[in-house]
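Residue strings, one per chain:
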Amino acid sequence: MSDVQKNEEGAASAAPSSSDTIIEVKDLWKVYGRDPKRILTDKYRKLHKDDIQEKTGNIVAMREVNLKIKKGEFYIIMGLSGSGKSTLVRNLIRLVNPTAGKITVKGRDVTKMKEDELLDFRKTTYGMVFQHYGLMPHMTILDNAAYGLKVRGLPKGEQLAKAMKALETVGLKGWEDYYPGNLSGGMQQRVGLARALANDPDILLMDEPFSGLDPLIRRQMQDEFVDLQDKLKKTIVFVTHDLHEALKLGDKIAIMRNGEVVQIGTPEEIVTQPANDYVREFVQDASPAKVVTAGTIMREPEVLLYAWEGPKTALTILQREKRRGAFVVDKGHKLLGLANVDRLEKYLKGRIDVDESKISSSVVRPIPSVTEETIIEELFSMVSANPYPIPVTSEDNKLLGVVKTDDIFETISPDGGEDDV
Ligand SMILES: Nc1ncnc2c1ncn2[C@@H]1O[C@H](COP(=O)(O)OP(=O)(O)O)[C@@H](O)[C@H]1O
Ligand SMILES: [Mg+2]
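The paragraphs below set out a description of the structure included in this document. (Residues numbered from 1 in each chain as written. Chains lettered and ligands numbered in written order. Predicted model: local features only at pLDDT ≥ 70, side-chain atom pairs only at ≥ 80, totals over all residues.)

This part is about the nonpolar core. Grouped together as the largest cluster of nonpolar side chains are 87 residues, with contacts concentrated most on Ala 145, Leu 167, Ala 194, Val 237 and Ile 255. Among the domains, domain 1 (2-17 + 71-96 + 107-286) and domain 2 (295-412) are the pair contributing at least three residues each to this core. Leu 305, Phe 327, Val 328 and Ala 339 belong to the second-largest nonpolar core, a separate cluster that totals 19 residues. (Core = buried A, V, L, I, M, F, W, Y, C linked by C-beta atoms within 7 Å. Buried ≥ 20, exposed ≤ 12 C-beta atoms within 10 Å, placed from the backbone. Domains from an automatic or database assignment.)

Written out as structure tokens, the structure reads:
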């Protein structure tokens, strides 16, 4: 717990205004069974879930959960079956009422809302997608997609226009007059997604939406969904028990165990710094190559040449540092490419007296660079293709650092590279 609190507070202090937080959950508990509030008294609250169940018959589905979800964030809730993921998501929309704690969504205290207010808030704020598509078999695809809008009482014309647009968004244009039974599982789940999107909600709650699909379809849906989210930029709370799905989709991952959140972090943090054995076990077969980024392992280049130093200086520096080559940057620290001893020597041959004030571009060889976000896996092919470190540049081509081959292999070796046998 202390890890989580530290993380959350750290995030809060880094960004003094919490105006970009769209969902905040504080000390949330859900206890099932008789007289649940007594479980929060000192007599029981610190006991293990199993002991509480044995002593009282009550089930602690969620214990002291704290989260902050930012607007536009793809937030994953991950954990084994029974760890409390669905309970948490249902609490956010108050399909289940918490035993204690506070939920603030868009600045409003959801826990205090009266029935009417709640119904309205749900309809206008959330879209929900579940594992079981929940489509009406006797209704057309278009009517299914329009269902939420119908419930909201929108005029028929507007319902259908919005539903059509949502179907288009999920790639189902042309299917509006068919029935769910005519569609494959993947397509039915697209209808479920269209229904959730038709209303243009701020927040999508998705509880294991792809878990019922075959692996290949599932992967395809994940890929499509990544593309879709690039355009939609919704706030998404997404439940999964599948680590690979979590790593692929998530900006942030909260890991639950026995109703508690045991770690919150980016995919990279979760994989490289698991908070305890439970998380470690979860992530043990996750490849760091798929989550660690060039920005994380890059370092300062040991030798850097500045274009205005001139070719003779450059050669001198390389010889003194016993280097075959080094990257060259201009005055704006923009990467021009690589200059090596061979080319510099050839260029300077017979021009003993040249005193140029710039390293000629004919000496500088352009070299492919990556961004801070490039994952290690994508660097493999580049490593084998060139003997130099890989330059990491900003969008405007400023040199930020370099990734060395050794660092890449150290990152991906299962023991963190400490064992060099
Ligand atoms: N209506 C309920 N009554 C009693 N216990 C429940 C109820 N719903 C869920 N639980 C229990 O709460 C715990 C968390 O369940 P759930 O949130 O469904 O987990 P997950 O979605 O991670 O599989 C489990 O131990 C489950 O058995
Ligand atoms: Mg569940």
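Moving on, we get to the site of ligand 1. Around ligand 1 sit Tyr 32, Ile 59, Ala 61, Gly 79, Ser 81, Gly 82, Ser 83, Gly 84, Lys 85, Ser 86 and Thr 87, and those are all the residues in its vicinity. Those elements giving two or more residues to the shell around ligand 1 turn out to be strand 2 (59-70) and helix 3 (85-92). The leading source of residues in the shell around ligand 1 is helix 3, at 3 residues. In terms of residue class, the shell around ligand 1 is made up of 3 nonpolar, 7 polar and 1 charged. (Near = placed C-beta within 6 Å. Helix = DSSP H or I, 4+ residues; strand = E, 2+ residues; numbered from the N terminus. Nonpolar A, V, L, I, M, F, W, Y, C, P; charged D, E, K, R; others polar.)

Further remarks concern the packing of helix 13 (residues 311-320) against helix 14 (residues 341-348). Where helix 13 contacts helix 14, the two axes come as close as 10 Å, and the packing angle between them is 140 degrees. Here helix 13 is positioned oblique relative to helix 14, judged by the angle of their axes. Seen from above, helix 13 lies across helix 14 with left-handed handedness. On helix 14, the residues that touch Pro 311, Lys 312, Ala 314, Leu 315, Leu 318 and Gln 319 of helix 13 are Val 341, Leu 344, Glu 345, Tyr 347 and Leu 348. Residue composition of the contact of helix 13 with helix 14, grouped by class: 8 nonpolar, 1 polar and 2 charged. (Axes fitted to C-alpha atoms, helices over the stretch in contact; angles between N-to-C directions. Parallel < 35°, antiparallel > 145°, perpendicular 65-115°, else oblique. Left-handed = near helix turned anticlockwise from the far one by under 90°. Contact = placed C-beta atoms within 7 Å.)

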